[in-house]
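# Per-entry structural report
Here are the chains, one letter per residue:
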Amino acid sequence: MAMPPSLRFLLLMLLLAGSGGATAAAFDLEEATIDSIHRAFAAGELTSRGLVGLYLRRIASLDPELHAIIELDPDGALAAADRADATALSSSGALPLLHGVPVLLKDNIAAAGALNATAGSLAIVGSRAARDAGVVERLRRAGAVLLGTASLSEWCNFRGPGIPAGWSPRGGQGRVRLYRFLFLGFANRFLGFFSAPRTVVTMQRRLIFGWLMQNPYVPWATTCSSSSGSAITAAANMAAVTLGTETDGSIMCPSSYNSVVGIKPTVGLTSRSGVIIISPRMDTVGPIARTVSDAVHVLEAIVGHDPRDAEATSMASKYIPECGYRQFSNLDGLRGKRLGILRKVFSEHFDIMRYFANAIIICFICK
């Protein structure tokens, strides 16, 4: 039986009462990136244990409303964070890519230890995995700290027709309290036109192009498709980064609707071993994060050959760039480009699009 949110909140507060540390208190968790976390580690302003404590407090505060988390492993996360902190103190060389960084997994991705991997179903609760999924092994080697599992549509949205996106018997109905409109989110994340809202749970007004606008979220909007919990938690700063899976839109759609960055890798770039999937020909595991840079960091950590998914990964791994994907990150990569907006596909939000689209295009051309 799932723990009531109020009891979970109380237990987490008691657990974390002494775990945050003075250094963590000054760290700005909202919109924190992997790079900003590493800078705070290097400056002695933050520890991995303190960071885990901050995220667990935020989850305890927000999740009773958002329903984006299925299961947490605070003891395991804090122990892993302590090991990361000890390694950082004793090491004189470069640390792994995701060292000490908290990550949430979609609930169909197995992690050895205390966490279940159930695809949101009550049918297999208690059948904990004996070993990590292939992508989780790579996350651990990259230094990541596993916080827990994010909610999803039961059986990755393959339970049956008419099931609401984001619903499962274990997690309930995941929802976004506020919804950042797709094109404003795109402009903010990639083009830098709009000042980002400080948090996804605070209504603000912002002056843009002379208009006094509401924060571009819509409370009634769908969370969209099965990796909704991973996208909600990334948008709400409940973890540094998350993992989702996709058969047909389950990374891209919730990433768009929650205004975060999702990467759907080519099938075989990431291993599906230890993952509850729908189709071996279509399913893939990919990152969901708040920035392109963070998503690329995670992608680089999880791609590669896995003998437990050899047929797919042996072929795709040949196409992984020799120096990784970060070499292609370019802050000015879209400067001077012209964007077109495909209006009819997004008919559900046509009026909002019509209101904002021309301003986005005009501003982009002016840049």
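Residues numbered from 1 in each chain as written. Predicted model: local features only at pLDDT ≥ 70, side-chain atom pairs only at ≥ 80, totals over all residues. Heavy atoms only, no water.

### A word on the nonpolar core
Quick note on the threshold: Nine residue types can take part in a nonpolar core, namely buried Ala, Val, Leu, Ile, Met, Phe, Trp, Tyr and Cys, and a core is a set of them joined through side-chain atoms within 4.5 Å. Only protein chains enter the accessibility calculation, which uses a 1.4 Å probe. A residue is then buried if its area is under 20% of the maximum for its type, exposed if over 50%, and partly exposed in between. Numbered from the N terminus, helices here are DSSP runs of H or I no shorter than four residues, and strands are runs of E no shorter than two. A contact between two residues is defined here by any heavy atoms of the two lying within 4.5 Å.
Counting residues in hydrophobic clusters, the biggest one holds 56 residues, and the most contacted among them are Leu98 and Leu139. When residues in this core are grouped by element, the largest group, 8 residues, is from helix α4 (residues 48-66). Those residues in contact with Leu139 that sit more than four places away from it in its chain are Leu98, Val103, Leu105, Ala144, Leu146, Leu243, Val298 and Ile302.

### Regarding the side chain of Ser48
Inclusion rule: Pairs of N or O atoms are called polar contacts if they sit within 3.5 Å, as long as, within protein, a hydrogen donor faces a hydrogen acceptor (for residues adjacent in sequence, only side-chain-to-side-chain pairs).
By secondary structure assignment, the location of Ser48 is in helix α4. Residue classification places Ser48 among the buried positions, given a relative accessible area of 1%. Of the polar contacts made by the side chain of Ser48, one reaches the backbone oxygen of Gly100; its length is 3.0 Å. Apart from residues no more than four positions distant in its own chain, Ser48 is found in contact with Phe41, Ala81, Ala84, Asp85, Gly100 and Val145.

### Here we look at the pairing of strand β8 (residues 241-246)
Put simply, the rule reads: One requirement defines pairing of two strands: DSSP has to find at least two bridges between them.
Burial analysis of β8 places 6 of its 6 residues in the buried class, which makes it a mostly covered element. Because side chains alternate across β8, one face comprises the buried residues Val241, Leu243 and Thr245, and the other comprises Thr242, Gly244 and Glu246, equally buried. Alignment of strand β2 (residues 102-106) against β8, held across 3 bridges, turns out to be parallel. Looking across to β8, one finds that Leu105 is bridged to Leu243.

### Some thoughts on the side chain of Ser230
Tracing the chain through its elements places Ser230 in helix α9 (residues 228-235). Given the relative accessible area of 0%, Ser230 is considered buried. Here Leu243 takes part through its backbone oxygen, which lies 2.8 Å from a polar atom of the side chain of Ser230. Once residues within four sequence positions are removed from consideration, Ser230 is found in contact with Lys106, Ala150, Ser151, Thr242, Leu243, Gly244 and Ile288.

### What about the environment of Ser168?
With respect to the helices and strands, Ser168 occurs in strand β4 (residues 167-168). According to the relative accessible area criterion, Ser168 is buried, its value standing at 1%. A sequence separation of 48 residues divides Ser168 from Gly120, and the C-alpha atoms of the two residues are 5.1 Å apart. Apart from the residues lying within four places of it in its own chain, the contact partners of Ser168 are Ile70, Gly120, Leu152 and Glu154. Polar contacts involving the side chain of Ser168 include one to the main-chain amide nitrogen of Gly171, which spans 2.9 Å.

### Re the packing of α4 against helix α5 (residues 74-90)
Note the cut-off: Note on definitions: angles span 0 to 180 degrees between N-to-C directions of axes, and those axes are lines fitted to C-alpha atoms, for helices only across the stretch in contact. Comment on the angle field: the value is read as roughly parallel under 35 degrees, roughly antiparallel over 145, roughly perpendicular from 65 to 115, and oblique elsewhere. Nonpolar residues are Ala, Val, Leu, Ile, Met, Phe, Trp, Tyr, Cys and Pro. Charged residues are Asp, Glu, Lys and Arg, and all others, Gly as well, are polar.
Interhelical geometry of α4 versus α5 gives an angle of 155° and a closest axis separation of 7 Å. Considering the angle they form, α4 stands roughly antiparallel to α5. Residue-level contacts link Ser48, Arg49, Val52 and Leu56 of α4 to Pro74, Ala77, Leu78, Ala81, Asp82, Ala84 and Asp85 of α5. Classifying every residue of the contact of α4 with α5 gives 7 nonpolar, 1 polar and 3 charged.

### Observations concerning the sheet that holds strand β1 (residues 69-72)
Strands sit in the order β1-β3-β2-β8-β10-β9 across an open sheet of 6 strands; the sheet is mixed. In the strand order of this sheet, the two ends are held by β1 and β9 (261-262), each with one partner. Here 3 bridges tie β1 to strand β3 (residues 145-150), and the two strands are oriented antiparallel to one another. Within β3, the position partnered with Leu72 by the bridge is Gly148.

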